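Chain by chain, the residues:
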Amino acid sequence: MLNRPRRNRKSAAIRNSVQENWVTNHDLIFPMFLIEGKNKKSEIKSMPGINRLSSDLLLKEIESCLKLGLNSFCIFPAINDELKDKKASEGLNSKGLYPSTIKLIKKNFPEAVIMTDVAMDPYSSDGHDGLVKNGKIVNDETLEILAKMALVQAEAGADIIGPSDMMDGRVGFIRESLDDAGFTDVSIMSYTAKYASAFYGPFRDALDSAPKFGDKKTYQMNPANSREALLEAELDFSEGADYLMVKPALSYLDVIKLLKDNFTLPIAAYNVSGEYAMVKAAALKGWIDEKRVRDEILLSIKRAGADVILTYFAKEFAVGKK
Ligand code: PBG
């Protein structure tokens with residue numbers, strides 16, 4: 001036998017020397033949930049270990065993450081029901097909870113990377129990512145709202161804008177609006193291949209943002225398709241995206257690989273709420289070794305081709321690295 005692959009596995013040092021992929025804190029973005037109030041922390045039942053935090057506590061949490069070497073955050077706002085309307089007006093309020101908190105974070109921690117969310121659902125009384133007219137989600141009128149939302153967030157200091165709405169043409173529309181207003185340095189991480197997935201359930205609990213009627217299948221992608229992800233990626237690339245994201249991650253590792261092989265932009269993957277919840281639930285039952293499963297999951301997403309991973313495990317991972 002001339003070839004014995006086991007020789008390269010004979011000790012930890014040798015295994016490490018031939019290891020092809022590593023996950024580091026630099027790869028991770030920590031998604032966090034923001035609520036109104038002071039000194040408020042509310043648990044998300046379906047996401048053990050993750051809380052909705054008022055801005056003061058969110059700041060403290062960011063500070064503790066920075067100390068662990070975790071530098072990137074994606075903030076999602078939970079908006080009170082009485083502020084929600086059909087046009088997602090609160091999303092355009094530059095004095096609202098979300099932009100004022102982003103300002104506060106950037107003032108206190110200029111070195112932190114803050115990614116923001118552009119979509120109507122957290123602010124919409126219809127619970128849809130786009131504007132609803134006669135029971136339909138209308139694309140082009142939504143673009144105007146999304147672009148204004150992106151501007152409010154850029155003015156507040158966002159480093160990366162994350163359009164998560166899946167309207168056609170939104171990356172180019174937002175890019176032009178940002179550039180016209182002088183925000184040429186603000187990046188766009190496009191939710192390029194965002195699938196209509198059941199894995200978003202716990203997130204919708206967290207924000208109380210589930211659609212009030214129907215589903216999101218007229219804008220989010222069909223889980224059966226991967227060639228369509230290439231079409232979305234071509235559009236986002238040509239419209240000026242800085243990163244292409246695949247979401248969810250675990251059931252879509254092939255799509256991550258597909259985009260990685262066909263595009264030169266950095267690829268991001270969103271290890272979503274339902275993927276987190278499954279691991280936590282099994283771990284709470286004592287059925288799996290949580291830390292090993294977590295690390296294996298993150299590594300698999302990296303191996304598939306993701307350069308950046310949005311994950312609710314980010315802080316726990318960083319704690320483990322200390
Ligand atoms: C919607 C949005 C969703 C997530 C982030 N932004 C899901 C949805 O379509 O409701 C999901 C994130 C997660 O599940 O962790 N704009």
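For the structure itself, look to the data block above.
Bear in mind that the values here come from a model prediction, so they are computed numbers and not experimental data. (Residues numbered from 1 in each chain as written. Predicted model: local features only at pLDDT ≥ 70, side-chain atom pairs only at ≥ 80, totals over all residues. Heavy atoms only, no water.)

J.: What is the right way to read the pattern of salt bridges from this model?
T.: Between side chains of opposite charge, pairing is possible as soon as their charged atoms come close. Evaluation of the coordinates by the stated rule reveals 18 salt bridges. A salt bridge links lysine 315 to glutamate 61; the nearest nitrogen and oxygen atoms lie 3.2 Å apart. Highlighted residues: lysine 315 in helix 11 (residues 314-321) and glutamate 61 in helix 2 (residues 55-67), separated in sequence by 254 residues. In this structure, the salt-bridge partner of aspartate 126 is lysine 86, at a minimum N-O distance of 2.9 Å. Linking aspartate 126 in the loop between strand 5 (113-118) and strand 6 (131-133) with lysine 86 in the loop between strand 4 (72-77) and helix 3 (97-108), this pair joins segments that are 40 residues apart in sequence. The buried category is assigned to aspartate 126, whose relative accessible area is 11%. (Salt bridge = Lys/Arg side-chain N within 4 Å of Asp/Glu carboxyl O. Helix = DSSP H or I, 4+ residues; strand = E, 2+ residues; numbered from the N terminus. Buried < 20%, exposed > 50% of the residue type's maximum accessible area, 1.4 Å probe, protein only.)

J.: What exactly am I supposed to notice about the layout of surface pockets here?
T.: Within this model, the largest pocket holds a volume of roughly 270 Å³. The wall of the largest pocket is formed by 16 residues, among which Phe30, Gly49, Ile50, Asn51 and Glu61 lie closest to the centre. Listing elements by their share of the lining of the largest pocket, those giving two or more residues are strand 1 (28-35), strand 3 (51-54), helix 2 and helix 11. For the lining of the largest pocket, the element with the highest residue contribution is strand 1, accounting for 4 residues. Partitioned by chemical class, the residues of the lining of the largest pocket number 10 nonpolar, 2 polar and 4 charged. (1 Å grid on protein atoms, 1.4 Å probe; cavity = no way out; pocket = protein on both sides within 12 Å on 5 of 7 lines; lining within 4 Å. Points joined across faces, edges and corners; volume = space filled by probe spheres on them. Nonpolar A, V, L, I, M, F, W, Y, C, P; charged D, E, K, R; others polar.)

J.: I keep staring at the nonpolar core and nothing clicks. Help me out?
T.: Considering soluble globular proteins, one finds that nonpolar side chains tend to be buried as a cluster. In this structure, Phe33, Phe73 and Ile75 are the most contacted members of the largest nonpolar core, which totals 99 residues. Aside from chain neighbours lying at most four places away, what touches phenylalanine 33 is Ile44, Met47, Ile50, Asn51, Arg52, Leu53, Leu58, Phe76, Phe203, Ala206, Leu207 and Tyr312. (Core = buried A, V, L, I, M, F, W, Y, C linked by side-chain atoms within 4.5 Å. Contact = heavy atoms within 4.5 Å.)

J.: When you look at the environment of leucine 92 in this model, what are you seeing that I'm missing?
T.: Topologically, leucine 92 is positioned in the loop between strand 4 and helix 3. In this structure leucine 92 comes out as partly exposed when scored by relative accessible area, which is 29%. Between the C-alpha atoms of leucine 92 and arginine 7, which are 85 residues apart in sequence, the distance is 60 Å.

J.: Looking at this structure, I do not really get helix 3. What am I missing?
T.: Structurally, the α-helix is built with 3.6 residues per turn, so residues lying three or four positions apart point the same way. Here helix 3 contains 12 residues, and its C-alpha end-to-end distance of 16 Å stays within 8% of the 16 Å for a straight helix at 1.5 Å per residue. Regarding helix 3, the residues found buried are Leu97, Tyr98, Pro99, Thr101, Ile102, Ile105 and Lys106. Looking at the packing, one finds that the buried side of helix 3 touches strand 1, helix 2, strand 4, strand 5 and helix 4 (139-156). (Expected span 1.5 Å × (residues − 1).)

J.: Please explain the site of the ligand as it appears in this structure.
T.: Surrounding the ligand, one finds 17 residues, the nearest of these being Arg204, Gln220, Lys247, Ser273 and Tyr312. In the environment of the ligand, an oxygen atom lies 2.6 Å from a nitrogen or oxygen atom belonging to the side chain of arginine 204. Separating an oxygen atom of the ligand from a side-chain N or O atom of serine 273 is a distance of 2.7 Å. Protein burial of the ligand: of its 400 Å² of free accessible surface, 100% is covered by the chains. In a pocket analysis with a 2 Å cut-off to the grid points, the ligand is assigned to the largest cavity. Of the residues belonging to the shell around the ligand, the class tally is 8 nonpolar, 3 polar and 6 charged. (Near = heavy atom within 4 Å. Polar contact = N/O pair within 3.5 Å; in protein donor to acceptor, adjacent residues only side chain to side chain. Areas by Shrake-Rupley, 256 points an atom, 1.4 Å probe, with all protein chains shown as cover. Sits in = over half its atoms within 2 Å of the grid points.)

J.: When you look at the packing of helix 2 against helix 3 in this model, what are you seeing that I'm missing?
T.: Between two packed helices, what matters for the description is the angle formed by their axes and the separation of those axes. Contact geometry for helix 2 and helix 3: axes closest at 10 Å, N-to-C directions at 35°. Where helix 2 crosses over helix 3, the two elements pack in a sense that is right-handed. Contact residues: helix 2 offers Ser55, Leu58, Leu59 and Ile62, while helix 3 offers Thr101, Leu104, Ile105 and Asn108. Grouping the amino acids of the contact of helix 2 with helix 3 by side-chain chemistry returns 5 nonpolar, 3 polar and no charged. (Axes fitted to C-alpha atoms, helices over the stretch in contact; angles between N-to-C directions. Left-handed = near helix turned anticlockwise from the far one by under 90°.)

J.: Which parts of the structure should I look at to understand the side chain of arginine 204?
T.: One can find arginine 204 in helix 6 (residues 201-207). Filtering out sequence-adjacent residues up to four positions away, arginine 204 remains in contact with Ser209, Ala210, Pro211, Lys216 and Gln220.

J.: It is not clear to me how unusual backbone geometry should be interpreted in this structure. Could you clarify?
T.: Trans is the common state for peptide bonds, and a negative phi is the common state for residues other than glycine. A cis geometry characterises the amide bond from lysine 247 onward to proline 248, with omega recorded as -10°. Tracing the backbone through its elements, the reader meets proline 248 in the loop between strand 10 (243-247) and helix 8 (253-262). At asparagine 39, a residue that is not glycine, the phi angle is positive and equals roughly 50°. Examined against the element boundaries, asparagine 39 turns out to sit in the loop between strand 1 and strand 2 (41-43). Asparagine 39 gets classed as exposed once you look at its relative accessible area, which sits at 58%.

Keep in mind these numbers describe shape, not what the thing actually does.
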